[in-house]
Amino acid sequence: MQRHSNLHTFIRDARAKRKLLAIYLTCGYPRLDWTTDLASTAFEAGADLIELGMPFSDPLADGSVIQECSQRALEQGVTLDFLFHTASQISKPGRVLFMGYMNSVLAKGTREFVTRSQESGMSGAIVPDWPIAKNAETSEWDEAILPRVPFVAPTSSVERIREVDALDAPFIYAVSVAGVTGMRELDQGVLDYLSKLKAELKTPFLVGFGVSDADSAKRLASVSDGVIVGSAVLKGIGTTKNFEDAKKFVAEFVGSLRRALDSCK
Amino acid sequence: MSYQQPNINGYFGEFGGQYIPETLVAPCQELLVAYEDARRSDEFQNELGLHLRDFAGRPTPLYFAERLSAKHGFRVYLKREDLVHTGAHKLNNALGQVLIAKRLGKPRVIAETGAGQHGVATATLCAKFGLKCVVYMGALDMERQAPNVARMKFLGAEVRAVTSGTKTLKDATSEAIRDWVTNVRDTFYLIGSVVGPHPYPMMVRDFQRVIGLETKQMLSERNVVVNKIVACVGGGSNAIGIFHPFLDDHDVELIGVEAGGEGDHSEHHAAALTRGRPGVLHGSRSYLLQDDDGQIIEAHSISAGLDYPGVGPEHSFLFQSGRVKYVRISDRQALDAARELSLLEGIVPALESAHALAYLSILSEGRNKEGVVVCLSGRGDKDMAAYAATL
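Residues numbered from 1 in each chain as written. Chains lettered and ligands numbered in written order. Predicted model: local features only at pLDDT ≥ 70, side-chain atom pairs only at ≥ 80, totals over all residues. Heavy atoms only, no water.

Undergrad: Could you clarify how one ought to interpret the sheet that holds strand S6 (residues 132-138) of chain B in this entry?
TA: Residues and elements named next belong to chain B. Spatially, the 4 strands line up as an open sheet ordered S7-S6-S5-S8, and their pairing is parallel. With one partner strand each, in any of the chains shown, strand S7 (158-162) and strand S8 (187-189) form the two edges of the open sheet. Neighbour-to-neighbour, the strand axes of the sheet open up by a mean angle of 25°, direction not taken into account. When strand S5 (residues 108-113) meets S8, the two strands line up parallel, connected through 3 bridges. Paired with Val-109 across the bridge in S8 is Phe-188. Where helix H5 (residues 117-129) meets the sheet, its contacts fall on S5 and S6, and the angle it forms with S5 comes to roughly 165°. (Pairing = 2+ DSSP bridges. Helix = DSSP H or I, 4+ residues; strand = E, 2+ residues; numbered from the N terminus. Axes fitted to C-alpha atoms, helices over the stretch in contact; angles between N-to-C directions. Contact = heavy atoms within 4.5 Å.)

Right under this line is the structure:
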């Protein structure tokens, strides 16, 4: 029903050529006017997708790094209108996604949210506290315009994984471990779980939560269609002293992730 | 038609549901199955009943407050939840959930707490049943409620200070959920109110219904008819507990009292229903204090137990349906009511319960021929510093 969205097309084509790299940026962190350029820099360095994060006052799926970035971004004055504006500045067809919490979507109203996202050039949405179960909000959401990216987690049952697979989403967000976003050591259990997912899923899937560097990106991508990196990028940006340094960091770090992924074909 | 909520997906009308990260979907389902199984089990119900009687001290009295009645000009009965072990209704729910945790074989229990009453109840029961206990509490609340922090630690619980966000109950709840997501295999999340994802609002309500069931039975045994039941609403567990068995008794008016904070002219309040609008926080859809962009606004109440920007989804449903009337009482009015009960009846109420008591003064301006039950949800020892400051 939604096979022909820009995002579906982009993922299908890109996946045939390489492992996918998605970079998460909290909108407006550390400065309101940095996000557009940092996103462009990430694209130039080899990112396939940008997940543009709407900061939320109560980000319960996030670890300490994204919590702090969210708080900082809210203090800078980030609003949904600002996020839509930012998205329109970095718009690349099929390559910018909204990421944020349910209450931000509801604040605009589901229909208006979908329309505004489309108008600003975003091609999908990732909402971690939005269950795949049918509810009033789901029926108001036009999947053909703005497909949602569903999740699977290590606690998901086989039936649940099949249910998610059957949604025919552009891709699935596979949470690497039970936990919140953030960097952590990888163990063999994670790789075994992902291998099982790979055998089960027809839909492409990207692995997020816990990708800290080129090495972990490579290991996770070897058993998936690619990786999503958020906290490690934001933490690095947070240590830079000025805009030029931040851009340089993003170019180098994303570049290193790109090379790592390209080496595991 | 009799009252039947929630539906099979955990919705009370359009409120409730499960707005949770995927990692928690399976544990919530596991909990639902375990709870439904326990609810039908005679063995579980017998064990719960035994501990409610011998450990919690139930049934609690329905006390006729003679001098308070004389003052207001109508009969006032107090449902004495302040006499439950640990000093508030919170133990009713914590007991039920700890028994579920045991059935699930989870050795570690986590909880969030605001005023510390739910934390103390959880720490108490973890001690009794030999479970490891971690309580999340906002750093600000730890300062405000230091005696309860000491109590939890003395009972063997680990109290973790939460320094993110507003450093209060909502942040402690978020942090407890993060712990749960991370340690979901061996950890049971013991939520303290009728909030959170399905099945928590339903399950916590069912464990608190004992308040209303006892009230109903005691009124009937004494041939007493009341026309109003009043309870305070933060998350709303004591209120749902006393209201629920009366929802089909349409002659009984049900009144939920929200924390009006500094008053209607001020933005400092915790009245999620009467001054908020629907949204999603901590796993369910309900009324919330939020700005136009959906960011959660800090709540304010003199009572730490009511200091929460959300409310249980069933209250949102009852508010929208009109079955329960919701009103606001300010910090000042609550303090006055606490003093009044102390002087007239020799009972020092919790600040939370004092909000419900304060509504009596508003009622006495009208005609109330029959009588009123107030849920006295907790005792006021923890609030002595605030009370002493008014002397």
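Undergrad: Looking at this model, I keep getting lost on the sheet that holds strand S4 (residues 75-80) of chain B. Mind explaining?
TA: All names here are of chain B. Taking strand neighbours across the sheet as the criterion, the 6 strands line up as S3-S4-S14-S9-S10-S13 in an open arrangement whose pairing is mixed. Bordering the open sheet on either side are strand S3 (62-64) and strand S13 (324-330), each of which pairs with just one other strand. For this sheet, the mean inter-axis angle between neighbouring strands, taken without regard to orientation, is 25°. Note that strand S10 (residues 253-261) and S13 share 7 bridges and pair parallel. Bridging from a neighbouring strand, Ala-259 pairs with Ile-329 of S13. Here helix H13 (residues 331-345) sits on the sheet in contact with S3, S4, S10, S13 and strand S14 (371-376), set at roughly 90° to S13.

Undergrad: Help me out: how do you make sense of the interface of chain B and chain A in this one?
TA: Frequently, the measure chosen for interface size is the accessible area that the parts lose on association. Counting residues at the interface gives 33 residues for chain B and 36 residues for chain A. Between chain B and chain A, roughly 2,700 Å² of surface is buried when both sides are summed, and carbon and sulfur atoms account for 49% of that area. Contact with chain A buries surface across chain B, with B:Glu22, B:Arg178 and B:Asp293 losing the most and accounting together for 25% of the total. The interface formed by chain B and chain A holds 3 salt bridges in total. (Buried area = accessible area lost by both parts, 1.4 Å probe. Salt bridge = Lys/Arg side-chain N within 4 Å of Asp/Glu carboxyl O.)

Undergrad: Explanation requested: the packing of aromatic side chains in the structure shown.
TA: When we look at a pair of aromatic rings, we describe it by the centre distance and by the angle of the planes. The final tally for this structure, using the stated rule, is 19 aromatic pairs over all chains. Measuring from centroid to centroid gives 4.7 Å for A:Phe98 and A:Phe113, while their planes differ by 80°, and the two rings are edge-to-face. Of the two residues, A:Phe98 sits in strand S3 (residues 96-99) while A:Phe113 sits in helix H6 (residues 110-119), which places them 15 residues apart along the sequence. A single burial state applies to A:Phe98 and to A:Phe113, both of which are buried. Between B:Tyr3 and B:Phe317, the ring centres sit 6.1 Å apart and the planes meet at 50°, which makes this aromatic pair tilted. Linking B:Tyr3 in the segment before strand S1 (11-12) with B:Phe317 in helix H12 (residues 313-321), this pair joins segments that are 314 residues apart in sequence. This pair shows no difference in class: B:Tyr3 is buried, exactly as B:Phe317 is. Among the aromatic side chains, those forming a connected cluster through ring pairs are A:Phe84, A:Phe98, A:Phe113, A:Trp130 and A:Trp141. Sitting over the face of the ring of A:Trp141, A:Arg148 holds its NZ or CZ atom 5.8 Å from the ring centroid. (Phe/Tyr/Trp six-rings, centres within 6.5 Å; stacked < 30°, edge-to-face > 60°. Buried < 20%, exposed > 50% of the residue type's maximum accessible area, 1.4 Å probe, protein only. Lys NZ or Arg CZ within 6 Å of the ring centre and 35° of its normal.)

Undergrad: Please explain the confidence of the model for chain B as it appears in this structure.
TA: Averaged over every residue, the pLDDT of chain B is 96; residues scoring 70 or more account for 99%. Quick note on the complex model: pTM equals 0.96, ipTM equals 0.94. (pLDDT = per-residue confidence, 0-100.)

Undergrad: Teacher, can you tell me more about the pairing of strand S6 (residues 172-175) of chain A here?
TA: Strand residues, when the strand is regular, have side chains that alternate between the two faces of the sheet. Residue and element names in this part refer to chain A. A two-sided burial pattern is seen for S6, the buried positions comprising Ile-172 and Ala-174 on one face and Tyr-173 and Val-175 on the other. The pairing of strand S5 (residues 151-152) with S6 spans 2 bridges and is parallel. Residue Val-152 lies in a different strand from S6, and its bridge partner there is Ala-174. Following the backbone out of S6, through helix H9 (residues 188-200) and into the adjacent parallel strand S7 (residues 205-208), one traces a crossover that is right-handed. (Right-handed = clockwise from strand over helix to strand, strands pointing away.)

Undergrad: Help me out: how do you make sense of the state of the cysteines in this one?
TA: Throughout this description, disulfide means a covalent bond between two cysteine sulfur atoms. What the rule picks out here adds up to 0 disulfides over all chains. B:Cys375 forms no disulfide, and the closest cysteine sulfur to it belongs to B:Cys232, at a distance of 7.2 Å. (Disulfide = S-S within 2.5 Å.)

Undergrad: Looking at this structure, how should I read the packing of helix H2 (residues 35-44) of chain A against helix H12 (residues 243-262) of chain A?
TA: Helix-helix packing is characterised by the crossing angle of the two axes and by the distance between the axes. Residues and elements named next belong to chain A. Packing of H2 against H12 leaves a shortest axis separation of 8 Å and a crossing angle of 30°. Judged on the interaxial angle alone, H12 and H2 are roughly parallel. Of the two possible hands of crossing, H2 and H12 adopt the one that is right-handed. Facing H2, whose interface residues are Asp-37, Leu-38, Thr-41 and Ala-42, H12 presents Phe-243, Ala-246, Lys-247, Val-250, Ala-251 and Val-254. Looking at the contact of H2 with H12 residue by residue, the classes come out as 7 nonpolar, 1 polar and 2 charged. (Parallel < 35°, antiparallel > 145°, perpendicular 65-115°, else oblique. Left-handed = near helix turned anticlockwise from the far one by under 90°. Nonpolar A, V, L, I, M, F, W, Y, C, P; charged D, E, K, R; others polar.)

Undergrad: So what exactly am I meant to see when it comes to the nonpolar core here?
TA: Nonpolar side chains tend to gather and get buried jointly when the protein is soluble and globular. Counting 96 residues, the largest nonpolar core has A:Ile23, A:Phe98, A:Phe171, A:Leu194 and A:Val229 as its most contacted members. Excluding anything up to four places from it in sequence, A:Phe98 contacts A:Leu52, A:Met54, A:Leu80, A:Leu83, A:Val105, A:Phe113, A:Met122, A:Gly124, A:Ala125, A:Ile126 and A:Val127. In this structure, B:Ala34, B:Val120, B:Ala123 and B:Met202 belong to the second largest nonpolar core, which totals 66 residues. (Core = buried A, V, L, I, M, F, W, Y, C linked by side-chain atoms within 4.5 Å.)

Undergrad: Explain the side chain of B:Ser174 to me, please; I cannot follow it from the model alone.
TA: Secondary-structure assignment places B:Ser174 in helix H8 (residues 169-182). Leaving out residues up to four positions away in the same chain, B:Ser174 has contacts with A:Asp58, A:Leu60 and B:His282.

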